[in-house]
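Close look at the chain arrangement
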Amino acid sequence: MTKYDVIIIGTGAGGGTLARKLAPTGKRILLLERGQYLPKEIENWNPREVYTVGRYRTKESWYDRDGNAFAPFTHYCVGGNTKMYGAALLRLRERDFQETLHANGISPAWDVPYRDFEPYYLEAERMYSVHGARGADSTEPYAGAPYPYPAMRPEPDMQELFDNLEMLGHRPAPAPLGIRLPEDLRRPDTAAVPSLFDGYPDPTEMKADSHVVGIKQALTYDNVTLVTGIEVKKLLTDHTGKRVSKVMAMLDGDEVAFEGDVVFLACGAINSAALLLRSANAQHSNGLGNSSGLVGRNLMLHNNGTVLAVTGKANNALFQKAFLISEFYHGAPDFSYPLGLIQLMGKTDPDTLLGLLQEEFGSDKEYDLDYYTRHTIDFFITTEDLPKYENQVKLMPDGSIQLIYNPTNLEAYQRLRQKLITILDNVDKSFGYDIKGYLGYKLGISGVSHQSGTCRFGSDPDTSVLDLNCKAHDLDNLYVVDTSFFPSSGAVNPSLTAMANALRVGDHIMDKMRWRGDARINAMP
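Let me begin by describing the structure that accompanies this report. Predicted, not measured: the structure shown is a model, and the values here were computed from it. (Residues numbered from 1 in each chain as written. Predicted model: local features only at pLDDT ≥ 70, side-chain atom pairs only at ≥ 80, totals over all residues. Heavy atoms only, no water.)

So, the overall build of the chain
Broken down by element type, the chain carries 10 helices and 24 strands. Taken against the 2.2 N^0.38 rule, which gives 24 Å for 525 residues, the C-alpha radius of gyration of the chain at 22 Å falls within 12% of a compact globule. Along the first, second and third principal axes, the C-alpha set of the chain runs to 70 × 55 × 45 Å. Here the contacts in the chain between residues at least 6 apart in sequence split such that 74% fall between residues at least 24 apart. Here the chain displays about 20,200 Å² of accessible surface, and carbon together with sulfur accounts for 48% of that area. (Helix = DSSP H or I, 4+ residues; strand = E, 2+ residues; numbered from the N terminus. Rg over C-alpha atoms; globule rule 2.2 N^0.38 Å. Contact = heavy atoms within 4.5 Å. Areas by Shrake-Rupley, 256 points an atom, 1.4 Å probe, with all protein chains shown as cover.)

Encoded structure:
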């Protein structure tokens, strides 16, 4: 059995970033990925295949609190869920690291302050080629340098909407996006116009995902090995119970085992917790690293939803994901508690759009979906989901995943939705968008793309699973580097924070082991 210096389980935002960070050390690094490489094929840009058929989603079933099966919106492939994300790479606000009172509870403080994450946010922004405009978003925290690249120029119809919002006194700001444009790579003669991007695979590899930016670059080093199509089933500990001694997995129907000096979990907040629970043994009867009883607890999914304005005025934007509105992030004149973030999103797929039209305007009508695709403006809203002990990842008797989950902070979500509708009504009155109505939905239990919590970090082993460097309190060589470590979720997309934290933990392990490597990582071609 080959013994490795490092084993990383999962290749998404945390695992892929960490692999790239540690690759230059020369240490023997093994990457284990449950999925395969996502194929480059014409179906990458087929809305029905991607959304309705779920061509790239997992086919496994998870279960809700009542034992009802559902299909989770998650993806097992090299790069994990970043292959399908919209690459909105936002920092948590500085206040998100502090205890914050919400209408329905308290968002706890982090034991590591924003200032300690800030240099790693910078490093992650460079690595993931983030385009943005520092200072345009009034709630964005301080930064030690400008964004690596200027903000993307909105398509004409989105620029017009941006200008109209400003004329009404609002402060829209360019959305910071991880995208590798040809001009950034000094290839201005290469034709590239992003369109189906948010929620789709990107065969052009313009999307800065953790496969293209992390794994692909890590594999240029001879000391890095990737095994795909391998599902880790259990972590074994040595006779002391203090070290992970073997990683047990299934590959092509056979059980295989690996040994590593340091093991990193990066399976996603839900699957990492489930793996720890499945790894219970005599020394860890409630699950590996679970002396606190908090593994799987405090699951957060965000209150996410869509709002589509149906307009008489045409909207010819294809990419659309151009700007955000953050003015209600910390509250509003009529509501002193935080509300959250409004962002433009990619265009809604035709089958979902048809269902929303039928729900709002009746199923007895014929709808020209080409027309309505060009006559909607699509927004995504996010409100913080508060950590609750009762919201948890559990295992069914057969080992399947069960989510015991009730949403929190719903008043803030409803208020934020109404704020957006009021803004758009005023835009309509002032600039003649001829809005016919509003469509949309709130993501339910299957919408797990913003999952976090489940293995929170902290300085007290009684109230946290991981220490401040994301090492399990109960084990000497096990770390978790996905969004499991979040004590609270804020109201921004969690990817950049996962990436920044992976870089932070990478620095820690390199210092601890006295390994040499790149001090800071820049974007790579």
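After that view of the structure, there is still more to cover.
Points about the sheet that holds strand β7 (residues 130-132)
If you trace the three strands from one edge of the open sheet to the other, you get β8-β7-β10, paired in mixed fashion. Because the sheet does not close on itself, it has two edges, and the strands there are β8 (149-150) and β10 (177-178). Note that β7 and β8 share two bridges and pair parallel. Within the sheet, the bridge partner assigned to His131 lies in β8 and is Tyr149. (Pairing = 2+ DSSP bridges.)

Considering the packing of helix α1 (residues 13-22) against helix α5 (residues 211-218)
At a minimum axis distance of 8 Å, the contact between α1 and α5 shows a crossing angle of 40°. With respect to α5, the axis of α1 lies oblique. Handedness of the crossing formed by α1 with α5: left-handed. Contact residues: α1 offers Gly16, Ala19 and Arg20, while α5 offers Val213, Gly214, Ile215, Gln217 and Ala218. For the contact of α1 with α5, the residue count by class is four nonpolar, three polar and one charged. (Axes fitted to C-alpha atoms, helices over the stretch in contact; angles between N-to-C directions. Parallel < 35°, antiparallel > 145°, perpendicular 65-115°, else oblique. Left-handed = near helix turned anticlockwise from the far one by under 90°. Nonpolar A, V, L, I, M, F, W, Y, C, P; charged D, E, K, R; others polar.)

Let's talk about the sheet that holds strand β19 (residues 376-383)
Across the sheet, six strands lie side by side as β9-β17-β18-β19-β16-β22; this open sheet has antiparallel pairing. A single partner strand is all that each edge strand has here, and the edge strands are β9 (173-174) and β22 (435-442). With two bridges connecting them, β9 and strand β17 (residues 323-325) associate as antiparallel partners. Bridged to Pro174 within β17 is Phe323. In the packing of helix α4 (residues 156-167) onto the sheet, the strands contacted are β9, β17, β18 (341-344) and β19, and the crossing angle to β17 comes to about 25°. Here helix α7 (residues 350-361) sits on the sheet in contact with β16 (303-311), β19 and β22, set at roughly 115° to β22.

Considerations on the environment of Gly26
With respect to the helices and strands, Gly26 occurs in the loop between α1 and β2 (29-33). We classify Gly26 as partly exposed; its relative accessible area is 47%. Spatially, the C-alpha atom of Gly26 lies 8.2 Å from that of Asp222, the residues being 196 residues apart in sequence. (Buried < 20%, exposed > 50% of the residue type's maximum accessible area, 1.4 Å probe, protein only.)

Quick look at the pattern of salt bridges
Oppositely charged side chains can pair when the atoms bearing their charge come close. Enumeration according to the criterion identifies 25 salt bridges in this entry. Of the charged contacts in the structure, one is a salt bridge between Lys347 and Asp378, with a shortest N-O distance of 2.8 Å. Taken together, the residues Lys347 in the loop between β18 and α7 and Asp378 in strand β19 connect sequence positions 31 residues apart. For the residue pair Lys347 and Asp378, the accessibility class agrees, reading buried in each case. Two residues, Glu411 and Arg415, come together in a salt bridge whose shortest N-O distance is 3.1 Å. In this pair, Glu411 and Arg415 are both assigned in helix α9 (residues 410-431), four residues apart and thus about one turn of the helix distant. A residue is classified by how much of its surface remains accessible, and Glu411, at 36% relative accessible area, is partly exposed. (Salt bridge = Lys/Arg side-chain N within 4 Å of Asp/Glu carboxyl O.)

As for the environment of Pro203
Within the element layout of this structure, Pro203 appears in the loop between β10 and α5. For Pro203, a relative accessible area of 24% puts it in the partly exposed group. Not counting the four nearest positions on each side in its chain, Pro203 is found in contact with Lys40, Asn44 and Trp45.

Brief notes about the nonpolar core
If you look at the biggest cluster of nonpolar residues, it comprises 109 residues, and the most contacted ones within it are Leu32, Leu235, Phe264 and Leu478. Take this core: its biggest share by element is nine residues, from helix α10 (residues 495-513). Each residue touching Leu32, except ones within four places of it in the same chain, is listed here: Ile7, Ile8, Ile9, Gly10, Val227, Ile230, Val232, Val247 and Phe258. By size, the runner-up hydrophobic cluster in this structure holds 30 residues, among which are Leu161, Phe335, Leu344 and Ile423. (Core = buried A, V, L, I, M, F, W, Y, C linked by side-chain atoms within 4.5 Å.)

What about the side chain of Asn315?
One can find Asn315 in the loop between β16 and β17. With a relative accessible area of 3%, Asn315 lands in the buried category. A polar atom in the side chain of Asn315 sits 2.9 Å from the side chain of Gln320. Setting aside its immediate chain neighbours within four residues, Asn315 contacts Asp157, Met158, Gln320, Lys347, Thr373, Arg374, Thr376 and Ile377. (Polar contact = N/O pair within 3.5 Å; in protein donor to acceptor, adjacent residues only side chain to side chain.)

Some thoughts on α10
With 19 residues, α10 extends 27 Å from end C-alpha to end C-alpha; this agrees with the ideal 27 Å at 1.5 Å per step. Extensive coverage of α10 is indicated by the burial of 15 of its 19 residues. Two residues or fewer past α10, Arg514 is found with a positive phi of approximately 60°. (Expected span 1.5 Å × (residues − 1).)

Concerning helix α6 (residues 269-278)
For α6, a buried count of nine out of 10 residues is recorded, marking the element as mostly surrounded by other parts of the structure. Those residues of α6 that sit buried are Ala269, Ile270, Asn271, Ser272, Ala273, Ala274, Leu275, Leu276 and Leu277.

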